Amino acid sequence: MKKGTEEIMFVFSLILISLVLTLAFITFSIAGRGKVEEKVTAISSNEININLLNYLRTKDENNNTLSELIIYSYYKNDYNKVALMLENLIKKVHDKEKCSIYYLNAVAMKNNEKLFEVTSLGKTNDAQRVSTFILIPTLDSENNIKINYVEGCKNE
Amino acid sequence: MDKKGQIFDLTKEWIVWIVKAIVFFVVASMIIIIVNIPLSSEFKTDGLRHSLLRQHLIYDENCLAYNNERTYPGIVDINKFTLANLEKCFSTQNYGAQLILSTDKSSIIKLNEKLNKFEFCFDKKNFYCSNTTYYVLVKENDIEKQGILNIAILNLK
């Protein structure tokens, strides 16, 4: 092979190597960035279930639990007192820093009628909403009262 | 063919090869990216493990749950809120925990203190931390009090 041809081949091989290296770098950096992280938090609802359970277990000044008061209010068809008590309780004990959103409502299951609701005004874009519910039985076996509870908390 | 013509031919050939090589590497890169996407997905189970440990502390009668003929998850027996009892029930060396129970007074218990000697979770680069607050009822001498239980757990990444 002539000297001139060899030199040209050498230059081109250098260009080719640099091209290969650049492409390899681009490829692996893009692939590295595309890493998918899956966070598994499947049982969060069990955790807020404790909060809801304890809201309903909390007793008033007459030693009645809030779940008993909900039933009492259901038969009296007046939910003002129990809704106010729940609102004050949640405001007092709820972790506002981490979970600025909460929503609780009571629904009569027979006709899907909303009985009352308690809600926060908090808003956050970075919120993971977790929900749970508890059924409170009434004397009418077909009509349970379903208490739905939602918390919206910042992602960790 | 003169020398100039030879060099021109050779250059033309190399340019064709470079184009071929670029096409080859673009295709190869696409294949590598496609293969790599599912391979680089990573399941972060730290949150799940922390959640299980917290629930173990709250639901288990050997940990904090009040027991009277049956177990009441979410009701904390104040007699069980001791370092000795919680060390028995939280018998893992890989996780550190800090429990703060606030009623009319506040008590703190730190478990596996070698992992959280200083301020809890000060080093977020090396530790995975979680922090959850529960509304609990605290049973103390048959009296039920309202309380806040904060459970923070950490482990080395």
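Residues numbered from 1 in each chain as written. Chains lettered and ligands numbered in written order. Predicted model: local features only at pLDDT ≥ 70, side-chain atom pairs only at ≥ 80, totals over all residues.

Visitor: How do you make sense of the overall build of chain B when you look at a structure like this?
Guide: From N to C terminus, chain B includes three helices and seven strands. Written out in order from the N terminus, the α and β elements of chain B read α-β-α-β-β-α-β-β-β-β. Here chain B holds 157 residues, and the buried ones make up 23% of them. Contacts in chain B between residues at least 24 apart in sequence constitute 52% of all its contacts with a sequence separation of at least 6. (Helix = DSSP H or I, 4+ residues; strand = E, 2+ residues; numbered from the N terminus. Buried ≥ 20, exposed ≤ 12 C-beta atoms within 10 Å, placed from the backbone. Contact = placed C-beta atoms within 7 Å.)

Visitor: Sorry if this is basic, but what is going on with the environment of Ile145(A) here?
Guide: Residue and element names in this part refer to chain A. Mapping isoleucine 145 onto the fold places it in strand β5 (residues 145–154). Look at isoleucine 145 and you get buried, because 20 C-beta atoms sit within 10 Å. Sequence-wise, isoleucine 145 and alanine 106 are 39 residues apart; in three dimensions their C-alpha atoms are separated by 6.5 Å.

Visitor: Looking at this structure, I do not really get the pairing of strand β6 (residues 127–140) of chain B. What am I missing?
Guide: Consecutive side chains along a regular strand alternate between the two faces of the sheet. All names here are of chain B. The pairing of strand β3 (residues 70–77) with β6 spans three bridges and is classified as parallel. By the bridge assignment, isoleucine 75 is partnered in β6 with leucine 137. Of the pairings in the sheet, the one linking β6 to strand β7 (residues 143–156) comprises 14 bridges and is antiparallel in character. Within β7, the position partnered with tyrosine 134 by the bridge is leucine 149. (Pairing = 2+ DSSP bridges.)

Visitor: Please explain the packing of helix α3 (residues 66–76) of chain A against helix α4 (residues 80–93) of chain A as it appears in this structure.
Guide: When two helices pack together, their arrangement is given by the angle between the helix axes and by the axis-to-axis distance. Residue and element names in this part refer to chain A. Between α3 and α4, the least distance of the axes is 9 Å, while the angle of their chain directions is 155°. As summarised for this structure, α3 and α4 are arranged roughly antiparallel, according to the angle between their axes. At the point where α3 passes α4, the crossing takes the left-handed sense. Residues Leu66, Leu69, Ile70 and Ser73 of α3 form the contact with α4, whose own contacting residues are Lys81, Val82, Met85 and Leu86. Across the contact of α3 with α4, the residue classes tally to six nonpolar, one polar and one charged. (Axes fitted to C-alpha atoms, helices over the stretch in contact; angles between N-to-C directions. Parallel < 35°, antiparallel > 145°, perpendicular 65-115°, else oblique. Left-handed = near helix turned anticlockwise from the far one by under 90°. Nonpolar A, V, L, I, M, F, W, Y, C, P; charged D, E, K, R; others polar.)

Visitor: What should I look at first to understand the sheet that holds β3(B) in this one?
Guide: Paired through backbone hydrogen bonds, the strands of a sheet run either parallel or antiparallel to each other. All names here are of chain B. In spatial order, the strands read β2-β3-β6-β7-β4-β5; together these six strands make up an open sheet with mixed pairing. Lying at the two open borders of the sheet, with one neighbouring strand each, are β2 (65–68) and β5 (106–111). Strand-to-strand twist of the sheet, defined as the mean angle between neighbouring strand axes without regard to direction, takes the value 30°. Of the strand pairs in this sheet, strand β4 (residues 95–102) and β7 are connected by eight bridges, and their pairing is antiparallel. Following the sheet pairing, leucine 101 is matched in β7 by leucine 149. Across the sheet, helix α2 (residues 46–59) touches β2, β3, β4, β6 and β7, and the angle it forms with β7 is around 150°.

Visitor: When you look at the confidence of the model for chain B in this model, what are you seeing that I'm missing?
Guide: The predicted coordinates ought not to be read in detail in places where the model reports low pLDDT. Mean pLDDT over chain B: 83, with 87% of residues reaching 70 or higher. As a predicted assembly, this complex carries a pTM of 0.72 together with an ipTM value of 0.71. (pLDDT = per-residue confidence, 0-100.)

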